[in-house]
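Notes for the structure review
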Amino acid sequence: MSVERTFSAIKPDAVAAGQAGEILAMIQKAGFRILAMRMLRLTDSEARGFYAVHRVRPFFEGLVKFMTEGPIIVMALERENAIGALREVMGATDPAKAAEGTIRKRFASNIERNCIHGSDAPATAQTELQFFFSAADLL
Ligand code: UDP
Ligand code: MG
């Protein structure tokens, strides 16, 4: 295993509910270093671009509406095995199936409004980091 980078975003539901601090604390307690972080509100076209891989799925329009309803907090994270480790700390996409102690078990409302995003593979981590951060942010 080696030090790896991944992309994460605290979604609009959790930012609006004031849960960002507790989610960040769980991420940091799990051993991640925050390399870069900022708050922004996605435009409709940015949300469509970010989730382009899901554009033919039945939940796509709802997902775009949700992800643009308010600000999100985007982060570049670093840790050994960061991509897999973050997915573990997040828990399953559907909070009803998420393990005890995971972020989604604790804060997600349902399979759509599930409080956090994390990249699922090295190639997507790279693409998603570059979507939000410049090379100079990630030194
Ligand atoms: N999503 C949804 N309905 C579904 C599956 C996913 O609304 O049946 C939303 C949910 O917000 C999820 C996002 O679409 O986090 C991306 O889906 P993916 O399968 O990539 O899940 P993730 O990687 O976020 O666990
Ligand atoms: Mg995904």
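Relevant structure appears above.
Everything numeric in this text was worked out from a predicted model, so none of it was measured.

Evaluation of the coordinates by the stated rule reveals 6 aromatic pairs. Among the aromatic side chains, those forming a connected cluster through ring pairs are F7, F50, Y51, F131 and F132. Over the ring of F133 we find R38, and its NZ or CZ is 5.6 Å from the ring centre. Positioned over the ring face of F32 is R79, at 5.4 Å from the centre of the ring.

For ligand 1, the full set of nearby residues is K11, Y51, H54, F59, L63, R87, T93, R104, I111, E112 and N114. At 2.8 Å from an oxygen atom of ligand 1 is found a side-chain nitrogen or oxygen belonging to R87. Notes on ligand 1: free accessible area 500 Å², of which the protein chains cover 83%.

Within the largest apolar cluster, 22 residues are counted, with the highest numbers of intra-cluster contacts made by I10, I23, I27, F32, I103 and C115. Among the secondary structure elements, those contributing two or more residues to this core are α1 (12-16), α2 (20-29), β3 (72-80), α5 (82-90) and α6 (103-107). Non-local contacts of I10, meaning those with residues more than four positions away in its chain, are made with V15, A20, I23, L24, I72, I73, M75 and C115. Grouped together as the second largest cluster of nonpolar side chains are 21 residues, A36, A47, F50 and F66 included.

What counts and how
Residues numbered from 1 in each chain as written. Chains lettered and ligands numbered in written order. Predicted model: local features only at pLDDT ≥ 70, side-chain atom pairs only at ≥ 80, totals over all residues. Heavy atoms only, no water. Phe/Tyr/Trp six-rings, centres within 6.5 Å; stacked < 30°, edge-to-face > 60°. Lys NZ or Arg CZ within 6 Å of the ring centre and 35° of its normal. Near = heavy atom within 4 Å. Polar contact = N/O pair within 3.5 Å; in protein donor to acceptor, adjacent residues only side chain to side chain. Areas by Shrake-Rupley, 256 points an atom, 1.4 Å probe, with all protein chains shown as cover. Core = buried A, V, L, I, M, F, W, Y, C linked by side-chain atoms within 4.5 Å. Buried < 20%, exposed > 50% of the residue type's maximum accessible area, 1.4 Å probe, protein only. Helix = DSSP H or I, 4+ residues; strand = E, 2+ residues; numbered from the N terminus. Contact = heavy atoms within 4.5 Å.

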